[in-house]
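# Survey of secondary and tertiary structure
Next come the chains, spelled out residue by residue.
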Amino acid sequence: MSEEQYRRKTPEEILQSIQKIRKGHLKIILGAVSGTGKTYHMLLEGNTLKKRGIDVVIGIVSPSNRPRTIEQIGCLETIPSIKWVANGVEKYDLDVDAIIARNPEVVLVDALAHQNRPDAPRPTRLDDINYLLNMKISVITTVNIYELEDVKGIADKLTGGRVKVNHRVPENTLALADEVKLLDVTPEVILNRLQEGDIKFQHEEKRGRNNLFQRNNLAVLRELALRFLAGEVNEALDEYREKHGMIGPSGASEKILVTVQYHWNGSILVRRGQQIAKRLGGDLLVVCFSNKNLTNDEQTFKRSIIKLVEKVGGEFEELPLEQDSVADQIVRYATGHNVTRIVMGQSKRSRWEEIVYGSIINKILRKTRNIDVFIVADRAEKDGERVIPTKQMKKEELNPYRRLTLKELANEINKINRGTLKVYIGAAPGVGKTYTMLREANELKQKGIDIVIGLLETHGRKETIEQIGALEIIPRKKISYKGTTLEEMDTESIINRNPEVVLVDELAHTNVPGSKYHKRFEDVEEILDAGISVISTMNIQHLESLNDSVEQITGVRVRETVPDHILRAADEVELIDISPKALRDRMREGQIYAPEKVEQSLNNFFKTGNLIALRELALREVADDVDERLEAWERKRTLRGPWRKQEVIFVCTNLRPDSERLVRRGFRIAYRLKAIWYVAYVKDHPLTVEEQETSKKIQQLTVRLGGTFEMYETSDRRNIFRKLVSEMNEKKATQVIIGQSARTRWEEIKKGSVTERLLREVRHLDVLIVADQISNPS
């Protein structure tokens with residue numbers, strides 16, 4: 001049984017279902033710019049549907065399309081379009097009457113943002129499509145991100161006004177679609193297509209193509225498309241979770257709540273919250289709970305805060321203070337708004353007041369799950385407002401005259417000789433990563449590139465197997481293990497064969513014991529070092545630092561992971577996007593797993609809520625990756641300009657089960673801030689065998705993610721805290737990360753609260769308190 005089968009539909013849902021039955025299905029293929037392959041994929045999908053017995057016709061294909069795209073028309077029937085001329089330029093409208101007379105099940109319609117001839121029955125192509133949908137004819141169409149009304153202004157601003165488009169579609173267009181698929185293509189691919197003449201521009205694009213089709217502009221538009229669709233997906237996820245009675249954060253996106261009072265530090269808290277939201281790609285909410293008559297000073301601070309919140313793009317709300325505690329009200333607000341992090345100022349209560357009344361921070365942590373609390377350093381009077389840095393550079397790198405050492409020279413030569421790595425990433429199994437990888441391989445082979453298959457996992461999928469074509473396959477290596485013969489990728493044979501490019505599926509795979517390397521990505525590293533380029537695949541849930549987020553979303557702890565630095569070091573990362581509905585349809589049709597596994601998968605990992613959340617997670621992660629690559633590329637182009645103060649992250653860990661989660665959180669924050677980061681543990685007793693094993697795991701994870709693990713010793717348990725503070729100060733830490741206290745309220749009164757003591761002792765540091773985590777039963 002599927003997850004929806006037992007729930008009774010409301011009258012409104014029944015009415016909506018009936019209306020949908022009466023209409024055709026609308027699918028929009030979204031791209032960042034022209035040349036991403038939208039039309040090609042539309043035609044490819046048309047041919048796939050035709051093979052399945054669906055009646056598909058072409059309503060219109062842009063006349064400027066590429067030879068490779070035109071080939072995809074194949075044997076698809078084309079309904080002649082209506083030609084007209086404006087200012088000497090030929091244009092084409094849909095012949096809606098001819099399409100209705102033909103009455104196909106699906107019609108392919110290119111270039112959604114088209115304005116019809118003046119005497120047309122309907123003014124725009126979108127109006128034509130809506131007319132066809134009402135006639136029960138389904139439509140697959142294409143659009144660029146900057147052709148959406150509410151995105152055009154942002155795109156213009158980000159690219160310096162280089163986006164040239166005459167017509168746009170309304171801002172709610174994507175919301176009208178039953179399905180939206182993003183074609184994520186890297187700037188490198190676009191520029192290669194441009195150089196090879198595979199991209200031909202329409203008349204309105206020719207004027208600005210030289211300016212628009214620059215690497216930084218393409219990266220900006222790509223990130224915009226990823227983040228915009230992530231926002232759309234987030235709305236769908238919120239709607240889904242609300243319908244199913246789920247509360248709290250989903251684990252797929254960040255939402256930052258700043259709690260302020262009308263005080264001089266209110267603006268500092270808002271600024272800090274905005275900086276965090278920006279670096280985490282999240283939304284910003286600011287709330288003030290107050291029910292008193294404001295003084296003149298408070299009125300002034302209120303106006304200042306509201307103005308600042310509007311300026312930084314946040315949402316401000318003032319709510320009356322209720323009878324129960326402020327902590328209870330903050331928790332209710334945060335939970336109701338799916339907040340992931342609460343930003344607060346330092347507590348003004350004394351030690352005795354906290355014993356009597358309790359700590360607001362601890363009350364919040366005890367009443368919430370999956371919501372972190374960020375305490376802003378109380379040092380504005382001393383240091384002024386702090387700014388999160390976006391870049392970091394060592395001083396010696398600023399010297400262009402410094403001669404490289406022999407070791408540095410050897411490293412540079414190795415970089416030149418090293419192969420390139422491209423990774424196709426997806427939200428879940430079955431999105432089409434391997435299929436796309438094989439299709440690209442065949443295109444490279446047609447261009448004369450020596451390319452082979454090093455390791456392929458087809459999982460018996462017919463469409464994937466068909467894509468192998470004439471590609472050479474390197475036989476797998478046979479390994480004996482516990483009386484059984486197993487197969488693994490033969491890295492040695494690949495290197496001896498020495499192709500230009502090799503395909504390696506499932507990057508996160510764990511090799512059979514007895515193999516040269518424990519993980520497949522290590523084999524890939526050796527292949528790259530041999531000067532052979534690699535195209536590989538992985539799912540978002542296999543990224544090491546997202547392990548906790550994936551568990552929160554799905555309830556499943558993923559065991560096979562890839563260190564983040566492998567993905568960051570890739571020359572190209574490309575997302576294969578698909579809607580949850582389409583993926584579940586593939587599952588039902590037996591295109592992903594064997595029939596006996598379908599129902600179990602649909603009711604577990606492949607639940608709609610899981611897939612929506614994982615899709616959003618993938619979109620946001622790749623958008624962050626694009627942002628980082630653009631920033632790194634801009635750093636390489638110029639060394640001018642001031643570099644901001646370096647951050648140092650200090651993670652305080654113990655040997656509890658949640659310690660690895662603290663390490664991952666420390667890495668993700670340090671990575672976003674370009675910060676040095678440490679993980680520290682203070683030993684006050686001889687470790688048991690189990691504690692030694694946990695310590696080893698924490699150290700290995702820290703090193704794998706690029707941090708520094710340090711263990712200190714003390715003979716007195718009371719000195720643990722002093723040792724940590726001493727090390728923080730010595731390392732000039734700017735932010736401390738600790739886990740939520742495991743002590744009860746009575747234990748805190750009797751023995752003291754580590755959190756409260758830390759906040760009192762290191763008021764000059766920002767402190768992030770990571771909440772306990774529970775999975776979302778979606």
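Criteria and cut-off values
The written sequence of each chain sets the order in which its residues are numbered from 1. Local features are withheld for residues below a pLDDT of 70 in this predicted model, meaning they are given only at 70 or higher, and side-chain atom pairs are given and counted only at 80 or more; totals for whole chains, interfaces and linings count all residues. The basis for every side-chain value is the complete set of non-hydrogen atoms in the structure, without hydrogens or water. Helix and strand assignments come from DSSP, with helices taken as H or I runs of at least 4 residues and strands as E runs of at least 2, each series counted from the N terminus. Using a 1.4 Å probe on the protein chains alone, a residue whose accessible area is under 20% of its type maximum counts as buried, one over 50% counts as exposed, and one in between counts as partly exposed. Surface accessibility follows the Shrake-Rupley procedure with a 1.4 Å probe radius. Residue values consider only the protein chains on display as shielding. Taking the helix axis as origin, the arc is that swept by the directions to the C-beta atoms. We call two strands paired when DSSP finds no fewer than two bridges between them. Whenever a helix is involved, its axis is fitted only over the stretch in contact; in every case the axis is a line through C-alpha atoms, and angles between N-to-C directions fall within 0 to 180 degrees. Contact definition: two residues touch when any of their heavy atoms are within 4.5 Å. What we call a nonpolar core is a set of buried Ala, Val, Leu, Ile, Met, Phe, Trp, Tyr and Cys residues that are connected through their side-chain atoms within 4.5 Å. Any angle that is under 35 degrees is reported as roughly parallel, and any over 145 degrees as roughly antiparallel; angles of 65 to 115 degrees are reported as roughly perpendicular and all others as oblique. Note on convention: near helix rotated counterclockwise from far helix by under a right angle means a left-handed crossing. Clockwise means right-handed. Gly falls in the polar group here, along with every residue not listed as nonpolar (Ala, Val, Leu, Ile, Met, Phe, Trp, Tyr, Cys, Pro) or charged (Asp, Glu, Lys, Arg). Stacked, tilted and edge-to-face are the three classes assigned to paired rings of Phe, Tyr and Trp, where Trp is represented by its six-membered ring and a pair needs centres within 6.5 Å; plane angles under 30 degrees give stacked, over 60 edge-to-face, the rest tilted. Whether a charge sits over a ring comes down to the Lys NZ or Arg CZ being within 6 Å of the ring centre and within 35 degrees of the ring normal. Distance and chemistry together define a polar contact, namely a pair of N or O atoms within 3.5 Å, with one atom able to donate a hydrogen and the other to accept it when in protein, and with adjacent residues in sequence counting only for side-chain atoms on both sides. A patch consists of residues whose relative accessible area exceeds 30% and which take part in no salt bridge; residues with like charges are grouped when within 9 Å of each other, and nonpolar side chains (Val, Leu, Ile, Met, Phe, Trp, Tyr) when within 5 Å. Throughout this description, the term salt bridge denotes a Lys or Arg side-chain nitrogen within 4 Å of a carboxyl oxygen of Asp or Glu. As a per-residue measure, pLDDT reflects the predictor's confidence and takes values from 0 up to 100. Under the convention used throughout, the expected extent of a helix is 1.5 Å for every residue step, that is, one less than its residue count.

## Focus: the overall build of the chain
- Scanning the chain from terminus to terminus reveals 32 helices and 26 strands.
- Counting over 778 residues, the chain shows a buried share of 53%.
- Taken as a whole, the chain presents about 37,400 Å² of accessible surface, with 49% of it coming from carbon and sulfur.

## A look at helix H22 (residues 520–529)
- Taken residue by residue, H22 has Arg520, Phe521, Asp523, Val524, Ile527 and Leu528 as its buried positions. Looking straight down H22, one finds its buried side chains confined to an arc of 150°; they lie on one side.
- After H22 finishes, the residue Gly531 shows a positive phi value of roughly 90°.

## Notes on the sheet that holds strand E9 (residues 255–259)
- Pairing is mixed in the open sheet, where ten strands are placed in the order E11-E10-E9-E12-E13-E26-E25-E22-E23-E24. A strand with exactly one partner marks an edge of an open sheet, and here the two such strands are strand E11 (315–319) and strand E24 (708–713). Across the sheet, the mean angle from the axis of one strand to that of its neighbour is 20°, orientation sign disregarded.
- Pairing of strand E10 (residues 283–289) with E11, which is carried by five bridges, proceeds in the parallel orientation. Residue pairing across strands places Val286 opposite Phe316, the latter belonging to E11.
- Each of E9, E10, E11 and strand E12 (341–344) touches helix H14 (residues 326–336); the most contacted strand, E10, lies at about 150° to it.
- Taken strand by strand, helix H29 (residues 689–704) contacts strand E23 (676–683) and E24, and its axis lies near 145° from that of E24.

## Structural notes on the nonpolar core
- Residues Ile145, Leu221 and Leu503 are the most contacted members of the largest nonpolar core, which totals 122 residues.
- Here this core takes 13 residues from helix H11 (residues 215–243), the largest share from any one element.
- In this structure, Ile256, Leu294, Val309 and Phe709 belong to the second largest nonpolar core, which totals 41 residues.

## So, the packing of helix H12 (residues 266–280) against helix H13 (residues 296–311)
- Axis separation between H12 and H13 bottoms out at 9 Å; the angle between their running directions is 15°. It follows from the interaxial angle that H12 and H13 lie roughly parallel. With respect to the hand of their crossing, H12 and H13 are arranged in right-handed fashion. Residues Gly266, Ser267, Val270 and Arg271 of H12 form the contact with H13, whose participating residues are Ser304, Ile305, Leu308, Val309 and Lys311.
- Within the contact of H12 with H13, the residues separate by chemical class into four nonpolar, three polar and two charged.

## Quick notes on the packing of aromatic side chains
- Tallying each qualifying case throughout the model produces five aromatic pairs.
- Aromatic pair Tyr593 and Phe606: ring centres 5.9 Å apart, planes at 85°, arrangement edge-to-face. Within this pair, whereas Tyr593 is found in the loop between helix H25 (580–588) and helix H26 (595–602), its partner Phe606 is found in the loop between H26 and helix H27 (608–637), the two being separated by 13 residues in sequence.
- Judged by relative accessible area, Tyr593 falls into the partly exposed class, the value being 26%.
- The exposure class assigned to Phe606 is buried, which follows from its relative accessible area of 1%.
- Among the aromatic residues, those joined into a ring-pair cluster are Tyr593, Phe605 and Phe606.
- When the ring centre of Tyr131 is taken as origin, the NZ or CZ atom of Arg122, which lies over that ring, is 4.3 Å away.
- The ring of Tyr678 carries Lys731 above its face, with NZ or CZ at 5.1 Å from the centroid.

## A short note on unusual backbone geometry
- Even without being a glycine, Glu506 presents a positive backbone phi close to 50°.
- One can find Glu506 in the loop between strand E19 (501–504) and H22.
- With phi around 55°, Lys732 is a residue other than glycine that occupies positive phi space.
- The topology assignment puts Lys732 in the loop between helix H30 (720–730) and strand E25 (735–739).

## Points about the pairing of strand E14 (residues 421–426)
- For E14, a buried count of six out of six residues is recorded, marking the element as mostly surrounded by other parts of the structure.
- One ladder, built from five bridges, connects E14 with strand E21 (residues 572–576); its direction is parallel. Its bridge partner being in E21, Tyr424 is matched across the sheet by Glu574.

## Description of the side chain of Ser515
- Of note, Ser515 is situated in the loop between E19 and H22.
- A polar contact of 2.7 Å, which involves the side chain of Ser515, links it to the backbone oxygen of Val512.
- Filtering out sequence-adjacent residues up to four positions away, Ser515 remains in contact with Ile479 and Glu488.

## Side note on a nonpolar patch on the surface
- Together, Leu404, Leu406, Leu409 and Ile413 line one region of the surface with nonpolar side chains, adding up to about 410 Å² of accessible area.
- Tracing the sequence through the fold places Leu409 in helix H18 (residues 406–417).
- Taking relative accessible area as the criterion, Leu409 reaches 42% and is therefore assigned partly exposed.

## Side note on the confidence of the model for the chain
- Taken over all residues, the pLDDT of the chain has a mean of 84, while the share at 70 or more is 85%.
- Between residues 380–398, whose pLDDT stays under 50, and residues either more than four places distant or in other chains, the model counts 47 contacts.

## As for the pattern of salt bridges
- If you walk through the whole model with that rule in mind, you get 50 salt bridges.
- Between Arg117 and Asp93 there is a salt bridge; the shortest N-O distance is 2.8 Å. Taken together, the positions of Arg117 in the loop between strand E6 (106–109) and helix H5 (125–134) and Asp93 in strand E5 (residues 89–93) put the pair 24 residues apart, joining distant regions of the chain. Asp93 shares its class with Arg117; the two are buried.
- Here Asp564 ties to Arg568 by a salt bridge, and the two come within 3.6 Å at their closest N and O atoms.

## Description of helix H2 (residues 38–51)
- Given a rise of 1.5 Å per residue, 14 residues ought to cover 20 Å, and the 20 Å separating the end C-alpha atoms of H2 matches this to within 8%.
- In terms of burial, H2 is a largely internal element, ten of the 14 residues being buried.
- Along H2, the residues classified as buried are Lys38, Thr39, Tyr40, His41, Met42, Leu43, Leu44, Gly46, Asn47 and Leu49.
- Following H2 by one or two positions, Gly53 adopts a phi angle in the positive range, close to 90°.

## So, the pairing of strand E4 (residues 82–86)
- Bridging between E4 and E5 involves five bridges; their strand directions are antiparallel. The residue of E5 that forms the bridge with Ala86 is Val89.
- Following E4, the chain reverses through two residues before pairing antiparallel with E5; Asn87 in that reversal takes a positive phi of roughly 55°.

## With respect to the packing of H14 against helix H16 (residues 360–367)
- Put simply, H14 and H16 touch, their axes get as near as 9 Å, and they point 40° apart. If you check the angle between H14 and H16, you find them oblique. In terms of crossing hand, the pair formed by H14 and H16 is right-handed. Contacts between H14 and H16 pair Ala327, Asp328, Ile330 and Val331 from the former with Ile360, Lys363, Ile364 and Lys367 from the latter.
- Looking at the contact of H14 with H16, its residues break down into five nonpolar, no polar and three charged.

## Here we look at the environment of Ser579
- Its place among the elements puts Ser579 in the loop between E21 and H25.
- Take Ser579: its relative accessible area is 5%, and that puts it in the buried class.
- Look past the residues within four positions of Ser579 in its chain and what remains in contact with it is Glu179, Val180 and Arg615.
- Here Glu179 takes part through its side chain, which lies 3.2 Å from a polar atom of the side chain of Ser579.

## Examining the environment of Tyr435
- Here Tyr435 shows up in helix H19 (residues 433–446).
- Spatially, the C-alpha atom of Tyr435 lies 9.1 Å from that of Glu466, the residues being 31 residues apart in sequence.
- Among residues more than four places away in sequence, those in contact with Tyr435 are Leu44, Glu463, Thr464 and Gln467.

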